[in-house]
Structures are given as structure tokens and as C-alpha cells.
Amino acid sequence: MNNFVIVALTTALLLPKPSQSDTNHFSTGGVFELDLCDIEIPLPPKQEREQKLLEEQLKKKQN
């Protein structure tokens, strides 16, 4: 009986476990692309402020 438990545990530890990439439902390559037809998604307020600051800094550097 002890031998059976040892063999079962060893087998369970040695068998490869499926990863998340093995269980995807998209395609063989695992790449999923969503075409939004160039829809503009609004930024959250914090990112919008940061974007405006970056744009202003670029304008200052260009002048």
C-alpha cells in the first residue's frame, strides 16, 4: 500500500500541469485582437491631465 501511495504522488508531481496559455479559447497562437474601428476611448481624468502636461512639455521643447 505504501508503494502505491509513493508511486501515485511521484506521478502526480512529475506530470506536466496545464498552464493558462494551454487553456486559451481564442486560437492556436493564443492571440486575440479586438478591432474597435479606430474608436477613441476616453482616458481617466488623471491620465488625461498627464497627457495634456506631456503635450505642453513637447510644445515647449519644439519652440
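Cut-offs applied
- Residues numbered from 1 in each chain as written.
- Predicted model: local features only at pLDDT ≥ 70, side-chain atom pairs only at ≥ 80, totals over all residues.
- Heavy atoms only, no water.
- Helix = DSSP H or I, 4+ residues; strand = E, 2+ residues; numbered from the N terminus.
- Buried < 20%, exposed > 50% of the residue type's maximum accessible area, 1.4 Å probe, protein only.
- Patch = residues over 30% accessible without salt bridge, like charges linked within 9 Å, V, L, I, M, F, W, Y side chains within 5 Å.
- Areas by Shrake-Rupley, 256 points an atom, 1.4 Å probe, with all protein chains shown as cover.
- Salt bridge = Lys/Arg side-chain N within 4 Å of Asp/Glu carboxyl O.
- Expected span 1.5 Å × (residues − 1).

Trainee: Just to check I follow, could you spell out the overall build of the protein for this structure?
Mentor: Per the secondary structure count, the protein includes 2 helices and 0 strands. Taken over 63 residues, the protein has a buried fraction of 0%.

Trainee: In this structure, what is going on with a nonpolar patch on the surface? I would like to understand it.
Mentor: Among the surface-exposed residues, Leu-34, Leu-36, Ile-39 and Ile-41 lie close enough to one another that they form a single nonpolar patch of about 420 Å² accessible area. With respect to the secondary-structure elements, Leu-34 resides in the loop between α1 (2-14) and α2 (45-62).

Trainee: Honestly, α1 in this entry has me stumped. Any pointers?
Mentor: A rise of 1.5 Å per residue sets the reference length of α1, with its 13 residues, at 18 Å; its end C-alpha atoms lie 18 Å apart and thus fit the reference within 8%. Of all 13 residues in α1, 0 are buried, a share of ten percent or less.

Trainee: Sorry if this is basic, but what is going on with the pattern of salt bridges here?
Mentor: Between side chains of opposite charge, a pair can form when the charged atoms approach closely. Using the criterion set out here, one finds 1 salt bridge in the structure. Lys-52 is the partner of Glu-48 in a salt bridge, and the nearest nitrogen-oxygen pair spans 3.9 Å. With Glu-48 and Lys-52 both in helix α2 and 4 residues apart, this pair spans about one turn of that helix. Taking the relative accessible area as the measure of exposure, Glu-48 reaches 38% and is therefore partly exposed. Looking at Lys-52, the relative accessible area reads 46%, which means it is partly exposed.

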